Amino acid sequence: IAGPKQSRYLAFYTATFSLGASASTAATGAIGHALDPAAAFLFTSVGGVSALLLVALAVRPRPVAPDQRAPAWGALWQAARNRQALGYSLAYAAHMWELYGFRAWLIAFLLLAVTGSLAPTGDTSYALWGAVLLLLGMPSSIIGNEIALKIGRRRLIVLVMCISAALALAFGAGSSLLFPILLIVGAVYSLFVTADSASLTAGAVAAARPGQSGATMALHSLLGFAS
């Protein structure tokens, strides 16, 4: 997608990840408690198979011009030499470090805050509350991009990252708070931790040189998910 609506499309693309993370947390929590952890992992494989079928059946291949063909590592190296796009991608890597720390430890943290222990429990409410908090990242990513279109992408990213870092410290230090208050802090944090996701990705794609959008996106994802 090119043109003025590119960042908006990217915002929706990025936001759907929060939907998947939220649904996965709720479903695997319930399945893991009802059956066993192995069943929860088997259930998540449905996502990969579904994605394969969607791409195979619904996505049409786009021909690549002969002058744009390049070895994969060479294309990544060319993308990495674009300092502006690389800046967005490195910021995205730092962002993903925070985001995945939040998502990976959220359920365990809520359990520890309430019970003081990480011992197994039959209470599935922690997974459900975690799913609710993660779902807030979906509208946040879209709204964050809309704000960036008005005030500027760089300004939005700097502002959100500063607030998000402060909220991360507050949430982590708030394990002794009453559970409803802790959930409120977690909800606000979840809103800010994803508010710059779309802007970072849109910034990298917008800064890509002609013919390097795919390689730039590949490098962007590689750095982000490697963190």
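Everything discussed here concerns the structure shown above.
### Quick word on the pattern of salt bridges
Scanning the model with the defined rule gives one salt bridge in all. In this structure, R8 and E146 form a salt bridge, with 2.8 Å as the shortest nitrogen-oxygen distance. Taken together, the residues span a long stretch of sequence, with R8 in helix α1 (residues 6-34) and E146 in helix α6 (residues 137-151) at a distance of 138 residues. Classification of E146 as partly exposed rests on a relative accessible area of 24%.

### What to know about the nonpolar core
Counting residues in each nonpolar core, the largest one holds 23 residues, and the members touching the most others are F102, L106, L110, F171, L182 and Y189. Of all the elements in the fold, those that place two or more residues in this core are α4 (83-115), α5 (125-135), α7 (153-173), α8 (179-193) and α9 (197-206). With 10 residues, α4 is the single largest residue contributor to this core. When neighbours within four sequence positions are excluded, L106 is seen to be in contact with G130, L133, L134 and F171.

What counts, and where the lines are drawn
- Residues numbered from 1 in each chain as written.
- Predicted model: local features only at pLDDT ≥ 70, side-chain atom pairs only at ≥ 80, totals over all residues.
- Heavy atoms only, no water.
- Salt bridge = Lys/Arg side-chain N within 4 Å of Asp/Glu carboxyl O.
- Helix = DSSP H or I, 4+ residues; strand = E, 2+ residues; numbered from the N terminus.
- Buried < 20%, exposed > 50% of the residue type's maximum accessible area, 1.4 Å probe, protein only.
- Core = buried A, V, L, I, M, F, W, Y, C linked by side-chain atoms within 4.5 Å.
- Contact = heavy atoms within 4.5 Å.

Limitation: the analysis is restricted to geometry and does not speak to function.
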